[in-house]
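Understanding the architecture of this molecule
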Amino acid sequence: MAAALTHLGAKGEANMVDVGDKAETTRTAIAEGFVAMLPETLNMILAGDAKKGDVLGTARIAGIMAAKKTHELIPLCHPLLLTKVSVDIEPDHSLPGLKVTALARVTGKTGVEMEALTAASVACLTIYDMAKAVDRAMVISGIRLVEKTGGKSGDYRSTGHKAGA
């Protein structure tokens, strides 16, 4: 039997989940996303030759800032006092393109999956924005939760989908 949707009331109305009685635990989430691009675009970004500036550094900062604003972007998300957010961006020459990995951590009463997913998404969007002048055909894909730890529902580790799936 599928779990009930926690953001819906008895009559189907939207509602913010009451986490008041939950235990405070350390919760961590890792999300990823991919930006596929022309090999020339990847080389330009890695060489630091983009006209808009440091693509990777800007995307990291954008992802971190986005994680901190998740509750302002996604309806019914709780504002969290994040204890850590990191965004790592690595070249993936098999795409070709970039792999973005975002980690969010909190000691609190609710999880940080949405914060990690938001960080990965906005970092990918920032990469696109900063390089679109030379490659409008870039493709953002594979944004997903990779892993989460802590909380009542326990740990989760993805075994499935890859970029573009």
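Structure first, text after, so check above.
Residues numbered from 1 in each chain as written. Predicted model: local features only at pLDDT ≥ 70, side-chain atom pairs only at ≥ 80, totals over all residues. Heavy atoms only, no water.

As for the overall build of the protein
Here is the rule: Helix and strand definitions here come from DSSP, where helices need a minimum of 4 consecutive H or I residues and strands a minimum of 2 consecutive E residues; each element is numbered from the N-terminal end. For every residue, the accessible area obtained with a 1.4 Å probe (protein chains only) is divided by the maximum for its type, and the residue is called buried under 20%, exposed over 50%, and partly exposed between those limits. Here a residue-residue contact requires only that any non-hydrogen atoms of the pair lie within 4.5 Å.
Regarding its fold elements, the protein presents four helices and five strands. Helices (α) and strands (β) of the protein occur, in sequence order from the N terminus, as β-α-α-α-β-β-α-β-β. Counting only residues that meet the buried cut, the protein has 39% of its 165 residues in that class. In the protein, of all internal contacts separated by at least 6 residues, the share reaching a separation of at least 24 is 69%.

Observations regarding the pairing of strand β4 (residues 139–149)
Remember that side chains alternate between the two faces of the sheet whenever the strand is regular. Threshold: Paired strands, as defined in this entry, are two strands with at least two bridges between them according to DSSP.
Judged from the eight bridges that link them, strand β1 (residues 25–36) and β4 form a sheet pairing that is antiparallel. Of the residues in β4, the one forming a bridge with Glu32 is Arg144. Bridge count for β4 against strand β5 (residues 156–157) is two bridges, and the pairing is antiparallel. Residue pairing for β5: Lys148 is matched across the bridge by Tyr156.

What about unusual backbone geometry?
Cis peptide bonds are those with omega within 30 degrees of zero, and the linkage from Leu95 to Pro96 qualifies with -10°. Mapped onto the fold, Pro96 is located in the loop between β2 (84–92) and β3 (97–108). Phi is positive for Leu76, which is not a glycine, with a value near 75°. Within the secondary structure layout, Leu76 lies in the loop between α3 (70–73) and β2. For Leu76, a relative accessible area of 29% puts it in the partly exposed group.

Quick word on the nonpolar core
For soluble globular proteins, the rule of thumb is that nonpolar side chains tend to be buried together. The cut-off we apply is this: Throughout this description, the term nonpolar core refers to a set of buried Ala, Val, Leu, Ile, Met, Phe, Trp, Tyr and Cys residues connected via side-chain atoms within 4.5 Å.
In terms of nonpolar packing, the biggest core is built from 32 residues, with Met37, Ile45, Val87, Ile89, Leu98, Val100 and Ile127 touching the most fellow members. Of all elements in the fold, only β1, α1 (39–47), α2 (55–68), β2, β3 and α4 (113–131) reach the threshold of two or more residues within this core. At nine residues, the largest contribution of residues to this core is made by α4. With sequence-adjacent residues up to four places away left out, Ile89 is seen in contact with Leu56, Ala59, Arg60, Leu98, Lys99, Val100 and Ile127.

Here we look at the sheet that holds β5
Using the following cut-off: Fitting a line to C-alpha atoms yields each axis, with helices limited to the stretch in contact; the angle taken between N-to-C directions then spans 0 to 180 degrees.
The sheet built from five strands is open, its strands ordered β2-β3-β1-β4-β5 with antiparallel pairing. Two strands close off the open sheet at either side, each with one partner strand: β2 and β5. The sheet contact formed by β1 and β3 spans twelve bridges and is antiparallel. When the sheet's bridge partners are listed, Ile30 is paired in β3 with Leu103. Contacts between α2 and the sheet are confined to β2 and β3, with β2 contributing the most and set at about 145° to the helix. On top of the sheet, α4 reaches β1, β2, β3 and β4; it is set at about 25° to β1, its chief contact.

Purely geometric numbers; function is a separate question.
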